[in-house]
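Coordinate analysis (summary)
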Amino acid sequence: MVEFDPQAPNLARMYDYMLGGDDNTAVDREVTDRLAALFPQAVPLARTNREFLQRAVRYLAQAEVGQFLDLGSGLPTGGHVHEVAPGARVVYVDHDPVVATRARDLLEESGRAVLVQADLLDAGEVLERASAYLDLDRPVGVVLASVLHFVPDSADPQRMVARLRDALAPGSHLVITHATSVGRLSPEDAAKVVSRGPSGAGADRTPAGIRAFFGDFALVEPGLVNAPDWRPDRPRLVGAPSTSSYLMAGVGAKR
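Procedures and definitions
- Residues numbered from 1 in each chain as written.
- Predicted model: local features only at pLDDT ≥ 70, side-chain atom pairs only at ≥ 80, totals over all residues.
- Heavy atoms only, no water.
- Helix = DSSP H or I, 4+ residues; strand = E, 2+ residues; numbered from the N terminus.
- Buried < 20%, exposed > 50% of the residue type's maximum accessible area, 1.4 Å probe, protein only.
- Contact = heavy atoms within 4.5 Å.
- Core = buried A, V, L, I, M, F, W, Y, C linked by side-chain atoms within 4.5 Å.
- Pairing = 2+ DSSP bridges.
- pLDDT = per-residue confidence, 0-100.
- Arc of directions from axis to C-beta.
- Polar contact = N/O pair within 3.5 Å; in protein donor to acceptor, adjacent residues only side chain to side chain.
- Phe/Tyr/Trp six-rings, centres within 6.5 Å; stacked < 30°, edge-to-face > 60°.
- Lys NZ or Arg CZ within 6 Å of the ring centre and 35° of its normal.

**Side note on the side chain of Asn49**
Mapping Asn49 onto the fold places it in helix α3 (residues 42-62). When its relative accessible area of 4% is taken as the criterion, Asn49 is described as buried. In contact with Asn49, other than residues within four places in its own chain, are Tyr15, Ala145, Ser146, Thr177 and Leu247.

Given below as structure tokens:
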């Protein structure tokens, strides 16, 4: 049993607050408000990330992908995968014990979604535990949304993602969002974007470095683009500001 500390903020609950949810506490809201005052892009970034995720999941559901593996998922709130594709089987993966405890309560009645507490960098364990719920011989949509920029190169995230790609069946897809500061942010703001993970470390990768995570997967049109530009639900207004345009997004398919 995880002991609840009302004085300790939690990143997953802070993210829930950014998305307009109510699964958060007063200290989560206070710390988030302070972060937003220092870095005004924080909340638009979180919402842009979730909006892209929902569009990508709808696209895959329409392509008859009925299984999803969401790594570094956080709390399954705010219109997460199982809510966007209610007929799909979904495995969320997060190492945070607070997330794991609360997520199990939230998912108890879903019947088709579970959370596995594991380190996303341990691809072998993730695949082994996910296989208890998913049929890895059939297409799976693997989601790495706003996670990889928190993982430094020293942890070799490329190897982890390659292991996942190799284990997936043809017809599977890889969904990625990743921050990049190239041509968009000052060095100071770039450091804020990539250093908000649990370890306080991260990596500011170029678009080419982000593209490498897809390996030989074929990028779905329009390719790796600014997140708001990936198959938007409606045309963007001419001249409208793109406050989160440094968030790159793409979906790759295994042929």
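**Here's the deal with the nonpolar core**
By size, the foremost hydrophobic cluster in this structure holds 38 residues, and its most contacted members are Phe52, Phe68 and Val251. Mapped by element, the contributors of at least two residues to this core are α1 (11-18), α3, β2 (89-94), α5 (97-107), β3 (113-117), β4 (141-145) and β8 (247-253). Here this core takes 8 residues from α3, the largest share from any one element. If we skip the residues at most four places from it in the chain, Phe52 touches Val175, Ile176, Thr177, Ala227, Trp230, Ala249, Gly250 and Val251. In this structure, Leu69, Leu71, Leu120 and Ala130 belong to the second largest nonpolar core, which totals 29 residues.

**Comments concerning the pairing of β8**
A large share of β8 lies buried, amounting to 7 of its 7 residues. As defined by bridge partners, strand β5 (residues 173-179) adjoins β8 across 7 bridges and the pair is classed as antiparallel. Counterpart to Leu174 in the pairing with β8 is Gly252. Two elements, strand β6 (residues 218-219) and β8, share 2 bridges in a ladder whose sense is antiparallel. Bridged to Ala218 within β8 is Ala253. For strand β7 (residues 225-226) and β8, the ladder comprises 2 bridges, and the chain directions are antiparallel. Note on β8: the bridge partner recorded for Val225 is Ala249.

**Considerations on the confidence of the model for the protein**
In this model, the protein carries a mean pLDDT of 89, and residues with pLDDT of at least 70 account for 86%. Note on residues 193-200: pLDDT under 50 across the span, and 21 contacts to partners over four residues away in sequence or across chains.

**So, the environment of Ala123**
Residue placement: Ala123 occurs in helix α6 (residues 123-130). As a C-alpha pair, Ala123 and Met160 span 37 residues in sequence and 5.7 Å in three-dimensional space. Dropping the residues within four chain positions of it, Ala123 is found in contact with Met160, Arg163 and Leu164.

**So, α5**
For an α-helix the count is 3.6 residues per turn, leaving residues at separations of three or four pointing the same way. If you check which residues of α5 are buried, you get Val99, Ala100, Ala103 and Leu107. Taken end-on, α5 shows its buried residues confined to a sector of 95°, consistent with a single buried face. In the core, the buried residues of α5 are packed alongside α1, α4 (81-84), β2 and β3. At the N-terminal boundary of α5, the capping side chain belongs to Asp96, with an oxygen 2.8 Å from the backbone nitrogen of Val98.

**Side note on the packing of aromatic side chains**
For any two aromatic rings, the description comes down to two numbers: the centre-to-centre distance and the angle of the planes. On inspection of all chains with the given rule, the structure shows 2 aromatic pairs. Between Phe52 and Trp230, the aromatic rings sit 5.4 Å apart at their centres with planes inclined by 85°, giving edge-to-face as the arrangement. Taken together, the residues Phe52 in helix α3 and Trp230 in the loop between β7 and β8 connect sequence positions 178 residues apart. No difference in accessibility class separates Phe52 from Trp230, as the two residues are buried. Relative to Trp230, the ring of Tyr59 lies with its centre 5.9 Å away and its plane at 90°, an arrangement referred to as edge-to-face. Remark: Trp230 occurs in the loop between β7 and β8 and Tyr59 occurs in helix α3; sequence separation between them is 171 residues. Judged by relative accessible area, which is 0%, Trp230 ranks as buried. These aromatic residues form a ring-pair network of at least three members: Phe52, Tyr59 and Trp230. The ring of Trp230 carries the charged tip of Arg231 above its face, separated from the ring centre by 5.5 Å.

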